[in-house]
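# Structural description and commentary
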Amino acid sequence: MSHSIQLSTPSRTLNLPHSPLHRPLSSFSFRQFPLPSTLKYTSLRASSSPSPDSSSSISTSSLLHSPNGSPAEEKPSSSSPIDVDTVTESELKENGFRSTRRTKLICTIGPATCGFDQLSALAEGGMNVARLNMCHGTRDWHRDVIRSVRRLNEEKGFAVAIMMDTEGSEIHMGNLGGDDASAKAEDGEVWTFTVRAFDASRPQRTISVSYDGFAEDVRVGDELLVDGGMVRFDVIEKIGPDVKCLCTDPGLLLPRANLTFWRDGSLVRERNAMLPTISSKDWLDIDFGIAEGVDFIAVSFVKSAEVINHLKSYLAAHSGGEDIGVIAKIESIDSLTNLEEIILASDGAMVARGDLGAQIPLEQVPAAQQRIVKVCRELNKPVIVASQLLESMIEYPTPTRAEVADVSEAVRQRSDALMLSGESAMGQFPDKALTVLRSVSLRIERWWREEKRYEGTPLQAIGSASSDRISEEICNSASKMANNLGVDAVFVYTKNGHMASLVSRCRPDCPIFAFTNTTSVRRRLNLQWGLIPFRLSFSEDMESNLNKTFSLLKSRGMIKSGDLVIAVSDMLQSIQVMNVP
């Protein structure tokens, strides 16, 4: 026989994780409905009013059942479909909840991976975000890639987001001649760096430089670093607009690579500091990104929060209501100096270790990475670890053991995402490089769970309004309950993605199913740790949403009766614990 129990304790508060801004909630109610089916339903509701009347709270249980008391079997309909990619669906069917990867993977798209079949292979291999580097290629080329990714999403249910990375105003090399060909600099060779433009073929071992004042600013004896130190030269002679340099550390020269020069052991920063963060070319690229509906814009060489705020104002005025996330690339001394304010203003950050390592001593890069990851976690902003993760796989089919250890450390730090650059853009083994990232991430995450290393990082309160603080506490508590109860998944129903990001911030031991009714929000959520984004039409009625979700996911074999889940939403400030009927 059906019955219900309600326990109300107005004088007690929820046992929520401590935070500096925590205020006791005035009341909560605990409800349990052991009904004549496999469903078990528990709800914790936080409010500032007295505990709810029992007569109004009991009736909600019937929404999860048909009139005869058996579980309701709602059939999927064309008016309320659920979108999930085929790889995730297959993975959940075959291996269950615990098999899902939490760390997200970003692939830079280039000549090696720009075809539709190649993009499809990357998506099936685990790519969550496709990065377009505006240093290379024409806008028509980038447009073709964007449309191929969109087609891939539509045909196969993926939610691959598109990140456009601006070139920035720092000093860069030009193209090397031919079709963006690379060149190898050998030890002892003399190369010429020049500000001259060449209409015809350029002389051998000659590289153009983007900054007109380069020959004036550089001095004989300076050390020139290409691409964060991948190749090094000593300046040996200046002849008008030409600077003769002796190669001291050989390596591969790539088109549009960043240039920095050092004098007496210190980085020469004066001219770079005078250059704008967003160049005139960048603004044209940003307009292109807006028109093509990219999901994120990554801004190179951010010096302060002011440029982030300026870009966000521009996007708000020109994007027609579309929400484009702004990612700050932390790759300079100025970025580290103003780190907290930059991350607070942005929608995420990228640890661009290559260029960062050219501006600070190499031995300081690991500590800088850890600091950036920590600050992003505290401020609830996704963080990407990038640059040279598997650099050797540009030429070789297997990584070095040191590279695997580097990837492992980024996963252990609980970074949201890892990014491939040249490995996927122009490398000989892009699919294998992605496979290495995926397998290492899965193994380290599994080790973390096996050792029961639940997240111990204290998270400060970030909301100012009362409703925001309550949402934070609900997500903190839901994550803690998920770990303590060993639940199979956390369900989050969110319209703008904020509630899902709060749960992701806590890094719970189980996967997070993020349900949103907007395709663009679904794609943006695909950048954040642990989130499996679904597009689902849902209402303000949580019980109806749960009925629909259970029915749709069960019909596709992605969940089964008896699975234990916790549900939260940004429509109703509550925590609900239940077994799937």
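Residues numbered from 1 in each chain as written. Predicted model: local features only at pLDDT ≥ 70, side-chain atom pairs only at ≥ 80, totals over all residues. Heavy atoms only, no water.

## Side note on the overall build of the protein
Applicable threshold: Helix numbering and strand numbering both begin at the N terminus, where a helix is a DSSP run of H or I of at least 4 residues and a strand a DSSP run of E of at least 2. Working rule for contacts: check all heavy atoms of both residues, and any pair within 4.5 Å makes them a contact. The Shrake-Rupley method, run with a 1.4 Å probe, gives the accessible areas here. Residue values count only the displayed protein chains as cover.
The number of helices and strands found in the protein is 19 helices and 26 strands. Restricting the contact set of the protein to residue pairs at least 6 apart, pairs at least 24 apart contribute 69%. For the protein, the accessible area works out to roughly 23700 Å², and carbon and sulfur atoms hold 51% of it.

## Concerning the pairing of strand E22 (residues 489–493)
Our working rule: Relative accessibility under 20% of the residue-type maximum defines a buried residue, over 50% an exposed one, and the middle range a partly exposed one, all with a 1.4 Å probe and only protein chains included. In this scheme, strands are said to pair when DSSP sees at least two bridges between them. Convention used here: a crossover is right-handed provided that the path from the first strand, over the helix, to the second strand proceeds clockwise when the strands point away from the viewer.
Counting buried positions over the five residues of E22 gives five, a clear majority of the element. The alternating pattern of E22 places Ala489, Phe491 and Tyr493 and Val490 and Val492 on opposite faces, both of which are buried. Alignment of E22 against strand E25 (residues 564–569), held across five bridges, turns out to be parallel. Residue Ala489 lies in a different strand from E25, and its bridge partner there is Val565. Bridging between E22 and strand E23 (residues 512–516) involves four bridges; their strand directions are parallel. Directly across from Val490, in E23, lies its bridge partner Ile512. For the segment spanning E22, helix H17 (residues 498–505) and E23, crossover handedness is right-handed.

## Concerning the sheet that holds strand E5 (residues 104–108)
Heads up, the condition is: Think of each axis as a best-fit line through the C-alpha atoms, taken over the contacting stretch in the case of a helix, with angles from 0 to 180 degrees between the N-to-C directions.
The sheet built from eight strands closes into a barrel, its strands ordered E5-E6-E7-E17-E18-E19-E20-E21 with parallel pairing. Sheet twist, expressed as the average angle between the axes of neighbouring strands with direction ignored, equals 25°. Taken together, the two bridges between strand E20 (residues 383–386) and strand E21 (residues 417–420) define a ladder with parallel strand orientation. Bridging from a neighbouring strand, Val385 pairs with Leu418 of E21.

## Let's talk about the layout of surface pockets
Note the following rule: Only protein atoms enter the 1 Å grid used here, on which a cavity is any set of points holding a 1.4 Å probe that cannot leave and a pocket is any open set flanked by protein within 12 Å on both sides along at least five of seven lines; residues with an atom within 4 Å of a point are listed as lining. Grid points are joined across faces, edges and corners, and a volume is the space filled by probe spheres set on the points. Under this grouping Gly is polar, as are all residues other than the nonpolar Ala, Val, Leu, Ile, Met, Phe, Trp, Tyr, Cys and Pro and the charged Asp, Glu, Lys and Arg. An automatic or database domain assignment supplies the start and end points of every domain.
Taken as a whole, the largest pocket spans an internal volume of roughly 910 Å³. Every residue lining the largest pocket is counted, 43 residues in all, and those nearest its centre are Arg131, Asn133, His136, Leu254 and Ser421. Breaking the lining of the largest pocket down by element, the ones donating at least two residues are strand E6 (129–133), helix H4 (139–156), strand E19 (348–352), helix H11 (353–356) and helix H14 (422–425). Residues belonging to the lining of the largest pocket are distributed by class as follows: 16 nonpolar, 16 polar and 11 charged. When we break the lining of the largest pocket down by domain, the ones giving at least three residues each are domain 2 (104–169 + 275–450) and domain 3 (183–274). Two domains each put at least three residues into the lining of the second largest pocket: domain 2 (104–169 + 275–450) and domain 4 (466–579).

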